[in-house]
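Summary of structural features
Each chain is listed here by its residues.
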Amino acid sequence: MMKMKSISASKASLVFFLCQMISALDVPLDSKLLEELSQPPTITQQSPKDYIVDPRENIVIQCEAKGKPPPSFSWTRNGTHFDIDKDAQVTMKPNSGTLVVNIMNGVKAEAYEGVYQCTARNERGAAISNNIVIRPSRSPLWTKEKLEPNHVREGDSLVLNCRPPVGLPPPIIFWMDNAFQRLPQSERVSQGLNGDLYFSNVQPEDTREDYICYARFNHTQTIQQKQPISVKVFSMDSLNDTIAANLSDTDIYGAKPVTERPPVLLTPTGSTSNKVELRGNVLLLECIAAGLPTPVIRWIKEGGELPANRTFFENFKKTLKIVDVSEADTGNYKCIARNALGSTHHVISVTVKAAPYWITAPRNLVLSPGEDGTLICRANGNPKPSISWLTNGVPIAIAPEDPSRKVDGDTIIFSAVQERSSAVYQCNASNEYGYLLANAFVNVLAEPPRILTPTNKLYQVIADSPALIDCAYFGSPKPEIEWFKGVKGSILRGNEYVFHDNGTLEIPVAQKDSTGTYTCVARNKLGKTQNEVQLEVKDPTVIIKQPEYKVIQRSAQASFECVIKHDPTLMPTVIWLKDNNELPDDERFLVGKDNLTIMNVTDKDDGTYTCIVNTTLDSVSASAVLTVVAAPPTPAIIYARPNPPLDLELTGQLERSIELSWVPGEENNSPITNFVIEYEDGLHEPGVWHYQTEVPGSQTTVQLKLSPYVNYSFRVIAVNEIGRSQPSEPSEQYLTKSANPDENPSNVQGIGSEPDNLVITWESLKGFQSNGPGLQYKVSWRQKDVDDEWTSVVVANVSKYIVSGTPTFVPYEIKVQALNDLGYAPEPSEVIGHSGEDLPMVAPGNVQVHVINSTLAKVHWDPVPLKSVRGHLQGYKVYYWKVQSLSRRSKRHVEKKILTFRGNKTFGMLPGLEPYSSYKLNVRVVNGKGEGPASPDKVFKTPEGVPSSPSFLKITNPTLDSLTLEWGSPTHPNGVLTSYILKFQPINNTHELGPLVEIIIPANESSLILKNLNYSTRYKFYFNAQTSVGSGSQITEEAVTIMDEAGILRPAIGAGKAMASRQVDIATQGWFIGLMCAVALLILILLIVCFIRRNKGGKYPVKEKEDAHADPEIQPMKEDDGTFGEYSDAEDHKPLKKGSRTPSDRTVKKEDSDDSLVDYGEGVNGQFNEDGSFIGQYSGKKEKEPAEGNESSEAPSPVNAMNSFV
């Protein structure tokens, strides 16, 4: 039915176990902690896998590792143990595994070639290094060869072979002459990737005898030189002379002049070739062609674009270079060699393979005994690499068995580990192009919690800013962290706090009441520890009176105020700046506590002055501008704008320039600073004036540049500090001659409006830019990457031309050239445009969904081939919608949501999902035309989450010892409800809390009767639902059990909240009123009896009578039977004076207590008998008004005493 006060221990252990499965421990980088914890070895430094050494220097093979205890080192060479002690030339550095091979004693470096591997070992395992291949560099000499001179005819091609010696690493090749000057290279003459020197066609100036190939071996810093090669170029004229001298007059040899030839590829040969490159490397493709004129090389990628930002052209575009190649760069690359006589091409099929690279490298695991964990080793490559595991350097298949370990391909699963399970595991991923080796240790530790943050550390923040309070911790198992405020405060929860995984408590908006002591408690199954820190929240620093803008005359005094308000515990510092720099070192600047004063102000003091207030926690600033002006002159001078210039004259007329001169007008007491010249084009834009140029005020002539075919008029405007003059009268007109256009249209674009057209647009030339009549445009286009000729059309003075019948979305080269009746503008530059787009044809494939948590999922898809996009790829759209809730099994209106991912992105996150629900999604590619078809719907489900709070909680039927609770299920269960949790505790008037009781209620219940409660007691209830994931947010209510059966004040039960009075007003009860009346009557009878006895008369000694008739004021008048228990102070029992009124605050006024019994008679002349006895009547006493504001008063006379009860 229900369990009280504790949650099931088995469920708690299961939750704890699952938490441990999710994340392994992180060891903080605390030096003291690291010194105390045992740790398997970790390789921290090692030499590269392929290690080429200088044979002239000692060989240093690095191997550094860390661990606790410090590891020992050993080496293998070529797969067998390398006994360092037996080789006098080899030493190992102290506290290190680094080897040093001494080859200075005549030992050859080649003797130490081989494959080396380092092992670092301690009692918790062994880590190994990569296989380090040691090879000494080599720089061999050129082989002797007999080089014949090269005799070649002018215009023929030529290749000078270098054939450098094979070195390690390969040498760098370059060609020089005998004077050690590099041979010039060009589009005609260039060096190939193999080092050979290629001539597309030779010229007479290529004749020389010192073509020398050099090989530089960087590792040994040596350069080897090939024997010089001689080249002799015969021109056709000299060849004709030689032939004519050796022939008779009857023989005629008609030697032809140099013959132009179409391109022929010198390298590579044939029409196709293959190239394999590794992922991440630099891809170099080369095409060198012979021909006359010299061919020009162009590169394209068939079926795609060359990758932007990674493509470079070298060696006069003969070499295509693509950096950081990937599998996407696989394809056919075509080089096209072209000259005026034709073209040729070669296709290189590129395949990108990949050495292994990490997807998920194994990471160190720190576990506690009995915990579970996994090591994951995932790598990719082309071909797919194979994964093998080792433990402590030994293949796992032959390593000692560990029952807690299970190998599943690229994953090792650990279950219920023990301390003996500590080891170092190696993952090896290899294919034919290389390998990866990673060490990852499993360290099993049992450590009680430790808090690394110093005790009583003080944190200070400014109010309304975030506060971060640290609790750095470590323990194994991973400790749970809880925060408390105050010495006996309750655990901190709620939205006003953020709890970080590293133990830090964040208060996003700290307030003054956040100040106090915070306690961090860390606990695991091995123990518990806690630490207290202090938080102080300070008032922010505010500038309550800021500096203000000032306009001060020269030689006067300027003052800026900066009055601040700050937290009294913070010491502010005030700094003044001028124009964001320090104040000038000038005694005229006086800095006071709240102000800055500048004496005897000068023009240099103009600027912005800033007051900056700094404390250790915050900083504020305020600025104001000081403007220094001259004192007003006496008498005042009138300043005005100048008068317009006069007598404009044009001289020195030329086709493209003219000289303009003028006479300045009156300055009007302000010097002219400059003249502005404007022009009007009476031919194209009559009445519109344009800015031409401006000159200094001292200049009255200017040489003006002119454009063709413009009818110019000019005018001049004078400018001074006051303003601009009116324009001068226009000059005479001057018409310039027509000419070819100087420029072409701008902003040329090619964008298709339909799938089968290309719309070419441009910005037309302005009227005067036409340079002559008959302005037209020559529009040219051709398909890019296709050997097509240009198609051209001449159109009128418009700004658009439509090309119809184009293929869908193909690139075009476009140019637009201006022309008029006199000719064409210069050759325009080419732009790239595209014909019209069409809707994509293919949907994205291989759509996969990875659910991250109950509200978030990640979707992946394969990119759509660019050819099928048929337009500019704008991105992908993911449509997703909720099908149904798995908890309610009820469908609802489908509201599809859309997320757009820009560019060629192949994954995205789906936020805001509802827990425990079924969803569908599909993906579509988007181009400029619209969306493509949708991928097949993908169904996925979100896991359970924590529920929302119960919809209501009502408390009814209060009795002496029971309450009835009714509730509604959560609006959003977010899963299958497992139970409800009810917690309650008594509270008193001061809101102190009693012991907390907890009850677990089955999920199918909707009400509960709580019995055996205390009567007349207020209780506070906390109620929440939970699923298998955890508890949801709680709802709270308060209610009171009734006092007793006689005096019940029924609680008012409102919307889900029971209220009850804590006190019963007995003054309104009938039995109490009757009792009070009886007491009053009894007192009245007693007073009457006393009064009669005092008035009997008789002779008594004065002393006795005085004693017998003591001042009645000192007779206390008790109210025990008429009070309500509120006034228990001692002053309640003091004697009551005449006319006294006891106020509600239980004080007695001094002026009342000074009255005497005389006031109750007829003044100071009250009558006494001759023996001194009092004979006055109470009926003659003076009535006094009650004190203002007092709701309760007490009567000194019997009548008043009775009235006070009635």
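Above this text you will find the structure in question.
Okay, so let's go over this structure. This is a predicted model, so every value here is computed, not measured. (Residues numbered from 1 in each chain as written. Predicted model: local features only at pLDDT ≥ 70, side-chain atom pairs only at ≥ 80, totals over all residues. Heavy atoms only, no water.)

Thoughts on the overall build of the protein
From N to C terminus, the protein includes eight helices and 86 strands. Each of the 1206 residues in the protein was classed as buried or not, and the buried ones make up 39%. A separation of at least 24 residues holds for 64% of the contacts in the protein among residues at least 6 apart in sequence. Only carbon and sulfur atoms are counted for the fraction: they give 51% of the accessible area of the protein, which is about 66,400 Å². (Helix = DSSP H or I, 4+ residues; strand = E, 2+ residues; numbered from the N terminus. Buried < 20%, exposed > 50% of the residue type's maximum accessible area, 1.4 Å probe, protein only. Contact = heavy atoms within 4.5 Å. Areas by Shrake-Rupley, 256 points an atom, 1.4 Å probe, with all protein chains shown as cover.)

Quick notes on the sheet that holds strand S4 (residues 59-61)
Read from one edge to the other, the open sheet built from three strands follows the order S4-S9-S8, with strand pairing classed as antiparallel. Edge positions in the sheet fall to S4 and strand S8 (90-92), since each of these pairs with one other strand and no more. Across this sheet, the average inter-strand angle for adjacent strands is 20°, counted without regard to direction. Summarising the sheet, S8 and strand S9 (residues 99-101) pair through three bridges and their orientation is antiparallel. Bridging from a neighbouring strand, Met92 pairs with Leu99 of S9. (Pairing = 2+ DSSP bridges. Axes fitted to C-alpha atoms, helices over the stretch in contact; angles between N-to-C directions.)

What to know about the pattern of salt bridges
When charged atoms on two side chains of opposite charge get close, those side chains can pair. Within the structure shown, the criterion is met by 42 salt bridges. One salt bridge connects Arg56 with Asp54, and the closest N-O pair in it is separated by 3.0 Å. A salt bridge links Glu302 to Lys334, with the shortest nitrogen-to-oxygen separation between them at 3.8 Å. On the criterion of sequence distance, the pair formed by Glu302 in the loop between strand S25 (296-301) and strand S26 (311-314) and Lys334 in strand S28 (residues 331-339) is long-range, its members being 32 residues apart. When salt bridges with common partners are traced through the structure, they connect Arg298, Arg338, Lys784, Asp785 and Asp787 into a single cluster. (Salt bridge = Lys/Arg side-chain N within 4 Å of Asp/Glu carboxyl O.)

Things to note about the pairing of strand S66 (residues 757-763)
A regular strand carries its side chains on alternate faces of the sheet. Among the seven residues in S66, five count as buried, and that is most of the element. One ladder, built from four bridges, connects strand S65 (residues 746-751) with S66; its direction is antiparallel. Bridge pairing in S66 places Ile751 opposite Val759. What sits between the antiparallel neighbours S65 and S66 is a turn of five residues.

So, the state of the cysteines
When the sulfur atoms of two cysteines share a covalent bond, that bond is a disulfide. The final tally for this structure, using the stated rule, is six disulfides. There is a disulfide in this structure between Cys287 and Cys335, and the S-S distance comes to 1.8 Å. Between Cys287 and Cys335, the S-S torsion sits near -65°, and that sign places the bridge as left-handed. Taken together, the residues Cys287 in the loop between strand S23 (283-286) and strand S24 (288-292) and Cys335 in strand S28 connect sequence positions 48 residues apart. Among the residues examined, Cys335 registers a relative accessible area of 1% and is labelled buried. (Disulfide = S-S within 2.5 Å.)

Things to note about the sheet that holds strand S57 (residues 619-629)
Strand order in the open sheet made by the five strands is S49-S57-S56-S52-S53, with mixed pairing throughout. Looking at which strands have only one partner, the edges of the open sheet turn out to be strand S49 (550-553) and strand S53 (581-582). By the bridge criterion, six bridges tie strand S52 (residues 573-578) to strand S56 (residues 607-614) in an arrangement that is antiparallel. Within S56, the residue paired with Val574 across the bridge is Val613.

Points about the environment of Arg135
Here Arg135 lies in strand S12 (residues 132-136). Residues Arg135 and Tyr112, 23 residues apart in the sequence, show an inter-C-alpha distance of 8.1 Å. Every residue in contact with Arg135, bar those within four places of it in the chain, is listed here: Asp50, Tyr51, Ile52, Val53, Glu113 and Leu168. Within the structure, the side chain of Arg135 is placed 2.9 Å from the side chain of Asp50, a separation counted as a polar contact. (Polar contact = N/O pair within 3.5 Å; in protein donor to acceptor, adjacent residues only side chain to side chain.)

Some remarks on unusual backbone geometry
Residues Lys68 and Pro69 are joined by a peptide bond in cis, for which omega reads 0°. Mapping Pro69 onto the fold places it in the loop between strand S5 (63-68) and strand S6 (72-77). The residue after Thr267, namely Pro268, is reached through a cis peptide bond having omega -5°. With respect to the helices, strands and loops of the structure, Pro268 is situated in the loop between strand S21 (261-267) and strand S22 (272-278). Positive phi, normally seen in glycine, also occurs at Phe316, with a value near 60°. Backbone geometry at Asn580 places phi at a positive 65°, although glycine is not the residue there. Relative to the helices and strands, Asn580 is located in the loop between S52 and S53. On the basis of relative accessibility, which here comes to 64%, the residue Asn580 falls in the exposed class.

Considering the environment of Leu158
Looking at where Leu158 falls in the secondary structure, it is placed in strand S14 (residues 158-160). We classify Leu158 as buried; its relative accessible area is 10%. With residues near it in sequence (within four places) discarded, Leu158 still touches Asn150, Leu197, Tyr198, Phe199, Val202 and Val231.

Comments concerning the nonpolar core
Formed by 28 residues in total, the largest nonpolar core has its most connected members in Ile59, Ile61 and Trp75. Those elements that place two or more of their residues in this core are S4, S5, S6, S9, strand S10 (114-122) and S12. For this core, the element with the highest residue contribution is S10, accounting for three residues. Listed in part, the 21 residues of the second largest apolar core include Leu977, Leu1010, Leu1013 and Phe1021. (Core = buried A, V, L, I, M, F, W, Y, C linked by side-chain atoms within 4.5 Å.)

Focus on the side chain of Lys815
Here Lys815 lies in strand S70 (residues 811-820). Judged by its relative accessible area of 14%, Lys815 falls in the buried class. At 2.8 Å, the side chain of Lys815 and the side chain of Glu827 are in polar contact. Apart from the residues lying within four places of it in its own chain, the contact partners of Lys815 are Lys778, Val779, Ser780, Trp790, Glu827, Pro828, Ser829 and Glu830.

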